[in-house]
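# Working through the structure, step by step
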Amino acid sequence: MSDQAFQQVQNGSIVTPAGFQAAGLHCGLKKTERNDLGVIVCDVPAASAAVYTTNLFQAAPLQVTRESLNNGTLRAVVVNSGNANACTGQQGEQDAYTMRARTAQQFHLHEDDVAVASTGVIGELLKMDRLTSGIDNLAAATGNTAEHAEAFCQSILTTDLVKKEICVAVKVDGVTVHIAGAAKGSGMIHPNMATMLAFMTTDAKISSAHLHQLLRDTTDRTFNMITVDGDTSTNDMLVSMASGLAEHEELTPAHADWEAYAAGFCHVCEHLAQAIARDGEGATKLVEVVVNGAISDLSARAIAKTVIGSSLVKSAMFGADANWGRVIAAVGRAGEPVNVNTVDIRLGDIVVLTGSRPVPFDEDAALEYLKGDTVQIVVDLHYGEGSALAWGCDLTYDYVRINAAYRT
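Notes on the structure follow. (Residues numbered from 1 in each chain as written. Predicted model: local features only at pLDDT ≥ 70, side-chain atom pairs only at ≥ 80, totals over all residues. Heavy atoms only, no water.)

## Quick look at the overall build of the protein
When its secondary structure is counted, the protein shows eleven helices and 15 strands. What you see for the protein is a C-alpha radius of gyration of 22 Å, in line with the 22 Å of a compact globule of 408 residues. Projected onto the principal axes, the alpha-carbon positions of the protein cover approximately 70 × 55 × 35 Å. Going through the 408 residues of the protein one by one, you find that 54% of them count as buried. Considering only residue pairs separated by 6 or more positions, the protein has 80% of its internal contacts joining residues 24 or more positions apart. For the protein, the computed accessible surface area is about 16,300 Å², with 49% contributed by carbon and sulfur atoms. Between the mean site of the 28 positive side-chain charges and the mean site of the 47 negative ones, the protein shows a separation of 6 Å. (Helix = DSSP H or I, 4+ residues; strand = E, 2+ residues; numbered from the N terminus. Rg over C-alpha atoms; globule rule 2.2 N^0.38 Å. Buried < 20%, exposed > 50% of the residue type's maximum accessible area, 1.4 Å probe, protein only. Contact = heavy atoms within 4.5 Å. Areas by Shrake-Rupley, 256 points an atom, 1.4 Å probe, with all protein chains shown as cover. Lys, Arg positive; Asp, Glu negative; His and termini not counted. Charge placed at Lys NZ, Arg CZ, Asp CG, Glu CD.)

## Some thoughts on the pattern of salt bridges
Scanning the entire structure with this criterion turns up five salt bridges. Residue R102 is joined to D136 by a salt bridge in which the shortest nitrogen-to-oxygen separation is 2.8 Å. Highlighted residues: R102 in helix 2 (residues 89-106) and D136 in helix 3 (residues 128-141), separated in sequence by 34 residues. The exposure class assigned to R102 is partly exposed, which follows from its relative accessible area of 28%. (Salt bridge = Lys/Arg side-chain N within 4 Å of Asp/Glu carboxyl O.)

## Considerations on the nonpolar core
Nonpolar side chains in soluble globular proteins generally cluster together in the buried interior. Counting 70 residues, the largest nonpolar core has Y261, F265, V291, I377 and V379 as the members making the most contacts within it. Among the elements that line this core, the one with the most residues is helix 6 (residues 258-278), at eleven residues. Core analysis: the second largest hydrophobic core is formed by 30 residues, A46, V79, F199 and V239 among them. (Core = buried A, V, L, I, M, F, W, Y, C linked by side-chain atoms within 4.5 Å.)

## Description of the side chain of E165
Relative to the assigned elements, E165 resides in strand 6 (residues 164-172). A polar contact is formed between the side chain of E165 and the side chain of K163, at a distance of 2.8 Å. Setting aside its immediate chain neighbours within four residues, E165 contacts G12, S13, C153, G181, A182, H271 and L272. (Polar contact = N/O pair within 3.5 Å; in protein donor to acceptor, adjacent residues only side chain to side chain.)

## Re the state of the cysteines
Enumeration according to the criterion identifies zero disulfides in this entry. Cysteine C153 remains unbridged, with the sulfur of C167 as its closest cysteine sulfur at 11 Å. C393 takes part in no disulfide bond, and the closest cysteine sulfur to it belongs to C269, at a distance of 20 Å. The exposure class of C393 is buried, given its relative accessible area of 1%. (Disulfide = S-S within 2.5 Å.)

## Some details on the packing of helix 7 (residues 297-309) against helix 9 (residues 324-332)
Where helix 7 contacts helix 9, the axes come no closer than 8 Å and their chain directions differ by 140°. Taken together, the axes of helix 7 and helix 9 are oblique relative to one another. Handedness of the crossing formed by helix 7 with helix 9: right-handed. Together, I303, T306 and V307 of helix 7 and V327, A330 and V331 of helix 9 make up the contact between the two elements. Classifying every residue of the contact of helix 7 with helix 9 gives five nonpolar, one polar and no charged. (Axes fitted to C-alpha atoms, helices over the stretch in contact; angles between N-to-C directions. Parallel < 35°, antiparallel > 145°, perpendicular 65-115°, else oblique. Left-handed = near helix turned anticlockwise from the far one by under 90°. Nonpolar A, V, L, I, M, F, W, Y, C, P; charged D, E, K, R; others polar.)

This is the structure in structure tokens:
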């Protein structure tokens with residue numbers, strides 16, 4: 001372990017934490033042969049927590065997962081891609097319960113041991129004959145190797161171009177504890193809780209109450225600070241499961257290693273959040289917005305999300321246009337306190353605005369910088385001590401092409 005609070009695990013995955021297995025397979029929900037059904041299973045009851053979309057039209061699986069989490073533990077989460085099972089009425093609810101019951105049966109669990117997640121097209125009923133047949137094959141496909149983790153990661157993707165996963169290790173009472181995550185998300189990303197779908201596993205010994213608080217606090221600083229297109233999905237869900245199989249004293253905020261563990265937990269969430277933003281539909285670059293000098297952290301978050309969510313800022317990033325006017329306009333409409341005479345803006349290291357006034361800069365150097373695959377916009381308000389980070393991507397012609405024919 002390095003001097004850093006945590007260390008990234010080479011080739012680590014969702015099954016690296018002790019007690020977890022996974023599987024993924026193709027059951028026929030997608031038009032392609034890509035995996036579309038997956039499961040994560042814990043050998044023991046895992047202290048668990050989740051956060052969900054704030055969209056009023058919530059998909060049926062969220063209701064089922066909330067019920068399963070009433071006692072604070074889970075043994076498994078089953079997830080399908082290709083169909084969101086959202087806005088599908090009473091039949092959709094019954095189908096989500098059937099997914100839970102069938103998974104519980106196959107893994108010899110109680111029904112309320114199982115969480116359910118779905119992602120894909122809204123408003124279409126699940127092909128339950130294919131889905132239940134696939135669930136019947138999951139148990140035999142489940143294991144704790146890198147191949148099993150890879151199969152699961154592939155099973156949750158929709159328009160994503162790449163899988164998103166990470167694992168870190170942190171010392172707690174001298175014992176190595178693992179925290180891992182896998183996520184999907186590429187479009188319809190403007191979370192007000194998490195992202196489209198994300199799953200975290202850890203072998204830490206922690207109560208569901210403390211895990212839930214850590215999850216909510218971390219989500220506000222990571223997943224809730226990304227946007228691709230300003231749309232919050234009906235299916236957003238982030239589930240975290242802790243097996244407790246690492247042999248250390250129970251983690252609480254009073255534990256000497258709590259901050260180290262929380263740092264590793266936050267790193268996993270931030271890595272997945274950035275990966276989702278980078279993989280935005282049609283995107284060519286990751287855009288990071290840094291806001292410093294706000295009246296509070298909450299104010300800084302609101303300003304950063306307004307800038308990163310601006311279609312004009314995103315279009316300028318696609319065109320490699322150093323149009324700082326788009327940025328300051330977004331700052332001004334964020335609805336937060338700002339001294340209009342003290343704002344500085346830079347693009348990477350290139351200063352374009354000082355004291356709310358333009359300064360000469362090298363347009364060619366700015367063009368080359370903005371052509372890169374990662375762009376940072378830094379806004380310093382000189383108004384307080386608040387700061388925040390937000391992540392997004394550029395807005396491209398391909399985004400329109402992909403979403404113009406998403407359903408068909």
